[in-house]
Amino acid sequence: MTRSQKICDFIFGVALIGGAPIVAFFVAGFILSFAASSRLVPLAVFGCGFIAFVVACIWRRKHRHLSSSFFAAEIVTAIITSVLFMLVFVAAGYAAYRAD
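An account of the accompanying structure is given in this report. All residue numbers refer to positions counted from 1 along the written sequence of the respective chain. Local features in a predicted model are, by the rule used here, given only for residues with pLDDT of at least 70; side-chain atom pairs are given and counted only at 80 or more, and totals for whole chains, interfaces and linings are based on all residues. No hydrogens and no water enter the side-chain calculation; it runs on all heavy atoms of the structure.

Examined against the element boundaries, alanine 28 turns out to sit in helix α1 (residues 3–32). Taking the C-alpha atoms as reference points, alanine 28 and alanine 78, separated by 50 residues in sequence, lie 20 Å from one another. Any two residues whose heavy atoms approach within 4.5 Å are treated as being in contact. Dropping the residues within four chain positions of it, alanine 28 is found in contact with Val45 and Cys48. Runs of H or I in DSSP of at least four residues are treated as helices and runs of E of at least two as strands, each being numbered from the N terminus.

Structure (structure tokens):
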């Protein structure tokens, strides 16, 4: 593999592992928002995100082209980027809400 292919494979892994829980949060939150307000809805949304994270890690571990030593770096980078994305998303939403 060339260096650019390795970099692209690493970025794909980070996007997959970091993006899968975020998409699961939004989909589960949208679907469960129609349910009656319950204390179990946030737990179910968190559970869907966690399951998506685990499934993405398992799938990525089986379908990777890089050596296994980079897998931990992919997971750590994915967690950091997804947390930063959610912080920016919440801050932008709060700023838009308070922008009256």
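In this fold, serine 82 is placed in helix α3 (residues 71–97). When its relative accessible area of 16% is taken as the criterion, serine 82 is described as buried. The definition of a polar contact used here is a pair of N or O atoms within 3.5 Å, where within protein one atom must be able to donate a hydrogen and the other to accept one, and adjacent residues in sequence count solely through side-chain atom pairs. Side-chain polar atoms of serine 82 contact the backbone oxygen of isoleucine 79, separated by 3.1 Å. Excluding its chain neighbours within four sequence positions, the residues that come into contact with serine 82 are Gly18 and Ile22. Between buried and exposed lies partly exposed: a residue is buried under 20% and exposed over 50% of the maximum accessible area for its type, with that area taken using a 1.4 Å probe on protein chains only.

So, about the layout of surface pockets. The volume enclosed by the largest pocket comes to roughly 220 Å³. The rule is simple: put a 1 Å grid over the protein atoms alone, call a set of points where a 1.4 Å probe fits but cannot get out a cavity, call an open set with protein on both sides within 12 Å along at least five of seven lines a pocket, and count a residue as lining if it has an atom within 4 Å of a point. Around the largest pocket, the lining is made up of 14 residues, and of these Pro21, Phe25, Gly49, Phe53 and Ser82 lie nearest the centre. Considered class by class, the residues forming the lining of the largest pocket number 11 nonpolar, 3 polar and no charged. Grid points are joined across faces, edges and corners, and a volume is the space filled by probe spheres set on the points. Following the grouping adopted for this structure description, the nonpolar residues are Ala, Val, Leu, Ile, Met, Phe, Trp, Tyr, Cys and Pro, the charged ones are Asp, Glu, Lys and Arg, and the polar ones are all others, Gly among them.

Under the convention used throughout, the expected extent of a helix is 1.5 Å for every residue step, that is, one less than its residue count. Across its 30 residues, α1 extends 43 Å between first and last C-alpha, which sits within 8% of the 44 Å expected from 1.5 Å per residue. Looking at α1, one finds that the buried residues are Asp9, Gly13, Val14, Ile17, Gly18, Pro21, Ile22, Ala24 and Ala28.

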